[in-house]
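# Fold and contact review
Take a look at the letters that make up each chain.
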Amino acid sequence: MKAGKNGAFIGIDFGTTNTAVVRITSDENGGYTECLGENGNSPFASIIAIPKEGGKLVFGREVRERRLELAETHYIISSLKTYVGSDREVISGKNRYSGEDVTCAFFKYIKKYIHKQYKIDIKEAALAFPVDFSAKARRSLKRAAEKAGIKLIGFTGESTAAYIANRNNEEVYRAYRRIMVVDWGGGTLDISILDLKGTRVYESSVYGEKTGGDDIDREIAYRMHARLAAKYGIDLSFDEMDAGNKDKLISMCEKAKINFSFSEEDEVISLKRYGPFGDAQTTLSYATFKDIVIPIIKSRALKAISNAMKQAEVSASGVDAVIMVGGSVGLKPFAHAVANIFGREKIILPDNAQWSVAVGATLLASTGGEFVLNDDVGVLLTDGTVYPIFKKNTDHVGSKAGPINFSLSEDTQNAHFIFTNKNNTIVYGKLNINAKGFLQENLQLAAKIDEDQTAAVFVRNRYMGEDYNRKIEINKLKFYYDLAGLPNENADTETFE
């Protein structure tokens, strides 16, 4: 690994609910961290309002504060990250906005705001992404940033970045060998189980699920709408309501959910001009809230934690500490459930958790080092062994492999490639290749690990034509990082007011 570089580095945590931007300036005396917020010390709200009849887009905290008002005349995109890499689009007058378009517009807003407010011009940045983000979504995110004038110079998984930001937390003892990081936000749940060896951090498990606070908000909204339908005698389902009215109810349910993190008092759900219901009102009790969220927590969040531990071949007793970040970890039922699994004494809720992922991404960019594979990636052969394409402790982001020649083991017109890790405990993906069926038929494989930490694997079969080839992209790869080159351990941190 290279030693840390002097200079100013910027990291972005593009979140479903909030987007945090951090600048770290490092020199021979250490590092200085600045959190670049919106309207004070808060991250940017990841939300856009697009006028239904065409016109100027509205961004960030202004939308969050005027959401109910804007919902009358605008399309509200409150989970911006879920649009990235999708085929979803919004039609506004004569304009059509793809997921990449709205993401680019949001990055332009951030760039312009920071330049105006802090006199900082963001030309390049490191980016944190969810583990479960597909290669298509990662490419789309990169293009959106670069169209906005931001060159992406580094990528890292969100949960691992959160550990790196909190490695000097007074509760993260150097004697710890294994730490789990749970990053549960508005749209994704990311889990890393990390083995700590000196200055190196090894990912023994990376696990991601597309589930978050937005799913809870929507489930509460379904339940509250059903109550309103019964109360007012209107036979109209939530799904049949127009987008603006659905957003009104989801917004109120989100506020109630947040308030339940601090109090167990009943929450009044009050709506103005809620479609055919008119001015409508109902009450959400904490008991009902628990009845709604606990099944989601058990079936999704706790199951994801269990799967991550299974992948790492570790039990709860083998985890020394659990760092919890992200907006959804504040849910009382979730916090209690995690504490019951690991023990309350192991749970770490860091200060300034909303900035942690961006800080970690920035720190990794400042080292100028490589992300080295922590497990082999290979092809499962018919004898049960794994032929390595990329090797642990050797290959890294930027590595290439091949061409590697494979032949058929039987007379078949459909060759199956199964991509797995060294011990065949993780199936990264499967690829089917058409074949003529000759045993001497040659299939040629080539691969590379892209800068977004996905492996692109190409297989060609010239027997099927000179141009015949197939491609698979593998995410959720495991890496290790050397933190020896990070800025001074006691770097100052400032949040702008």
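For the structure, check the block above.
For the structure given in this document, a descriptive report is provided here. All residue numbers refer to position in the chain's written sequence, counted from 1. Given that the model is predicted, a residue must reach a pLDDT of at least 70 before its local features are reported, and side-chain atom pairs must reach 80 or more before they are shown or counted; all residues, however, enter totals for whole chains, interfaces and linings. By convention in this description, side-chain values take in all heavy atoms of the structure and omit both hydrogens and water.

Bringing the sheet that holds strand β25 (residues 442–449) into the picture now. The pairing of strands in a sheet happens through backbone hydrogen bonds and is either parallel or antiparallel. A sheet is described by the order of its strands in space; here 4 strands give the open sequence β22-β25-β26-β27, paired in antiparallel fashion. Strands with a single pairing partner mark the edges of an open sheet, and in this sheet they are β22 (400–407) and β27 (469–474). Averaged over all pairs of adjacent strands, the angle between their axes in this sheet comes to 20°, without regard to strand direction. When DSSP locates at least two bridges between a pair of strands, those strands are taken to pair. Only DSSP runs of H or I with at least four residues qualify as helices, and only runs of E with at least two residues qualify as strands; both kinds are numbered from the N terminus onward. In this sheet, β27 lies alongside strand β26 (residues 455–460) in antiparallel orientation, the contact comprising 6 bridges. When the bridges of β27 are listed, V457 appears paired with I472. Angular values range over 0 to 180 degrees, each being the angle between N-to-C directions of two axes fitted as lines to C-alpha atoms, with helices fitted over their stretch in contact.

Strand order in the open sheet formed by 3 strands is β6-β5-β7, and the pairing between neighbours is antiparallel. Edge positions in the open sheet fall to β6 (58–59) and β7 (74–77), since each of these has one partner strand only. For strand β5 (residues 48–51) and β6, the ladder comprises 2 bridges, and the chain directions are antiparallel. In the sheet register, I48 faces β6, and the bridge partner there is F59.

On to the environment of N442, then. Of note, N442 is situated in strand β25. Using a 1.4 Å probe on the protein chains alone, a residue whose accessible area is under 20% of its type maximum counts as buried, one over 50% counts as exposed, and one in between counts as partly exposed. Residue class for N442 comes out partly exposed when judged on its relative accessible area of 32%. Remark: the alpha-carbon pair of N442 and T282, spanning 160 residues in sequence, is separated by 67 Å. Excluding residues within four positions of it along the chain, N442 makes contact with N405, F406, R460, N461 and Y463. Whether two residues are in contact is decided by their heavy atoms: any pair within 4.5 Å suffices.

Here the focus is the pattern of salt bridges. In what follows, salt bridge is the name for a side-chain nitrogen of Lys or Arg lying within 4 Å of a carboxyl oxygen of Asp or Glu. In the structure shown here, the tally under the stated rule is 25 salt bridges. Between R66 and E62 there is a salt bridge, and its shortest N-O distance comes to 2.8 Å. Assessed through its relative accessible area of 28%, R66 is described here as partly exposed. Note on E62: relative accessible area 37%, which makes it partly exposed. In this structure, R200 engages D482 in a salt bridge whose closest nitrogen and oxygen atoms are separated by 3.8 Å. Here the residue R200 occupies a position in strand β14 (residues 200–209), and D482 occupies one in strand β28 (residues 479–482), the gap between them amounting to 282 residues. With relative accessibility at 32%, the residue R200 sits in the partly exposed group.

Right, let's talk about a nonpolar patch on the surface for a bit. A cluster of nonpolar side chains, contributed by F438, Y463 and M464, occupies part of the molecular surface with about 270 Å² of accessible area. Along the chain, M464 turns up in the loop between β26 and β27. The partly exposed category is assigned to M464, whose relative accessible area is 30%. Excluding any residue in a salt bridge, patches collect residues exceeding 30% relative accessible area, merging like charges within 9 Å and nonpolar Val, Leu, Ile, Met, Phe, Trp and Tyr side chains within 5 Å. For the area figures, the Shrake-Rupley method with a 1.4 Å probe applies, and any residue is considered shielded solely by the protein chains shown.

Let's shift gears to the layout of surface pockets. Site definitions follow a grid-based scheme: protein atoms alone, a 1 Å grid, a 1.4 Å probe that fits but cannot get out for cavities, and for pockets an open set with protein on both sides within 12 Å along at least five of seven lines, plus lining residues having an atom within 4 Å of a point. Grid points are joined across faces, edges and corners, and a volume is the space filled by probe spheres set on the points. By volume, the largest pocket amounts to about 1200 Å³. In terms of lining, the largest pocket is formed by 45 residues, of which the most central are T17, N18, G326, G327 and S328. Counting residues per element, the lining of the largest pocket draws most heavily on helix α7 (residues 243–259), at 5 residues. The residue inventory of the lining of the largest pocket, partitioned by class, reads 14 nonpolar, 17 polar and 14 charged. In this structure, the second largest pocket spans a volume of roughly 1000 Å³. Along the walls of the second largest pocket sit 40 residues, with S78, S79, T82, Y83 and R88 positioned nearest its centre. Secondary structure elements with two or more residues in the lining of the second largest pocket: β7, β8 (89–92), α6 (213–232) and α7. For this classification, Asp, Glu, Lys and Arg are treated as charged, while Ala, Val, Leu, Ile, Met, Phe, Trp, Tyr, Cys and Pro are nonpolar and the rest, including Gly, are polar.

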